[in-house]
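Structural description and commentary
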Amino acid sequence: QVRLVESGGGLVQPGGSLRLSCTASTRIFEIYDMGWYRQAPWNQRELVAAVTTSRTKSYIDTVKGRFTISRNNDNNKVYLQMDSLKPEDTAVYYCNAPKSSRDQVWFESWGQGTQVTVSS
């Protein structure tokens, strides 16, 4: 079973930046598209950004131009650089491997997530 470990969250003021990191315990990390998800209180978890095996990147409209996803296949990590943060970005952030349909994931067990709080 693949283990996902997220880190890098914290409390930041509006306009600030954070860099999230996720490590996946799989020997075949490079064959998976990877994504960052977030879940705010009383909301469903949503896919925020994804990077394919060929490093094509995609984002939801509300984070385009502010967030940047990247991956390092050498150390099984996926990153999310978050700039110009807004209060509405407040959520618990998770990583996983989205399937091609983007509404399902490959790794059944989610990590503990990392809390991002944007507040003055």
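Here the residue index of a chain counts from 1 through its sequence in written order. Local features in this predicted model are restricted to residues whose pLDDT is 70 or higher, and side-chain atom pairs enter the listing and the counts only when it is 80 or higher, whereas totals over whole chains, interfaces and linings include all residues. Water and hydrogen atoms play no part in the side-chain values, which are based on all heavy atoms of the structure.

Quick look at the overall build of the protein chain now. What counts as a helix is a DSSP run of H or I of at least four residues, what counts as a strand is a run of E of at least two, and both are numbered from the N terminus. From N to C terminus, the protein chain includes 0 helices and 10 strands. Start at the N end of the protein chain and walk to the C end: the helices and strands fall as β-β-β-β-β-β-β-β-β-β. The C-alpha atoms of the protein chain give a radius of gyration of 13 Å, which matches the 14 Å a tight globule of 120 residues would have. Reported as C-alpha extents along the three principal axes, the dimensions of the protein chain are approximately 40 × 25 × 25 Å. Using a 1.4 Å probe, the Shrake-Rupley method yields the accessible areas, and only the shown protein chains count as cover for residues. As presented, the protein chain carries roughly 6500 Å² of accessible surface, and 46% of it is formed by carbon and sulfur atoms. Positive: Lys, Arg. Negative: Asp, Glu. His and the chain ends are not part of the count. Positions of charges follow a simple convention, taking NZ of Lys, CZ of Arg, CG of Asp or CD of Glu. Across the protein chain, 14 positive and 11 negative side-chain charges occur, with their mean positions spaced 4 Å apart. We compute the radius of gyration from the C-alpha atoms alone; for a globule the expected value is 2.2 Å times N to the 0.38, where N is the number of residues.

Let us look at the sheet that holds strand β1 (residues 4-7). Ordered by their spatial adjacency, 4 strands build an open sheet running β1-β3-β8-β7, and the pairing between neighbours is antiparallel. Each having just a single partner strand, β1 and β7 (67-72) make up the two edges of the open sheet. The sheet shows a mean angle of 15° between the axes of neighbouring strands, direction not considered. Strands qualify as paired when DSSP identifies two bridges or more between them. Sheet topology note: the β1/strand β3 (residues 18-24) ladder contains 4 bridges and is antiparallel. Only the stretch in contact is used when a helix axis is fitted, and all axes are lines through C-alpha atoms; the angle between N-to-C directions ranges over 0 to 180 degrees.

Taken in spatial order, the 6 strands line up as β2-β10-β9-β4-β5-β6 in an open sheet, and their pairing is mixed. The sheet is open, and its two borders are formed by β2 (10-12) and β6 (57-59), each paired with just one other strand. Within this sheet the neighbouring strands show an average axis-to-axis angle of 25°, counted without direction.

What follows covers the state of the cysteines. The criterion for a disulfide is a pair of cysteine sulfur atoms lying within 2.5 Å. Counted under the stated rule, the structure contains 1 disulfide. Between the sulfur atoms of Cys-22 and its disulfide partner Cys-95 the distance amounts to 1.8 Å. Of the two residues, Cys-22 is situated in strand β3 and Cys-95 in strand β9 (residues 91-96); the sequence distance between them amounts to 73 residues. For every residue, the accessible area obtained with a 1.4 Å probe (protein chains only) is divided by the maximum for its type, and the residue is called buried under 20%, exposed over 50%, and partly exposed between those limits. With relative accessibility at 1%, the residue Cys-22 sits in the buried group.

A few words on the pattern of salt bridges. Salt bridge criterion: a side-chain nitrogen from Lys or Arg within 4 Å of a carboxyl oxygen from Asp or Glu. Within the structure shown, the criterion is met by 5 salt bridges. A salt bridge links Arg-38 to Glu-46, with the nearest nitrogen and oxygen atoms 2.9 Å apart. The exposure class assigned to Arg-38 is buried, which follows from its relative accessible area of 7%. Between Lys-64 and Asp-61 there is a salt bridge, with the nearest N and O atoms lying 3.1 Å from each other. Within this structure, Arg-38, Glu-46, Arg-66 and Asp-89 form a network of salt bridges that share partners.

Turning our attention to the side chain of Arg-38. Assignment of secondary structure puts Arg-38 in strand β4 (residues 34-39). Pairs of N or O atoms are called polar contacts if they sit within 3.5 Å, as long as, within protein, a hydrogen donor faces a hydrogen acceptor (for residues adjacent in sequence, only side-chain-to-side-chain pairs). Here Tyr-93 takes part through its side chain, which lies 3.0 Å from a polar atom of the side chain of Arg-38.

Take the pairing of β4 next. Burial analysis of β4 places 5 of its 6 residues in the buried class, which makes it a mostly covered element. What sits between β4 and strand β5 (residues 46-51) in their antiparallel hairpin is a turn of 6 residues, with Trp-42 showing a positive phi close to 70°. Sheet topology places β4 next to β9; 5 bridges connect them, and they run antiparallel. Across the sheet, the residue bridging to Arg-38 is Tyr-93, located in β9.

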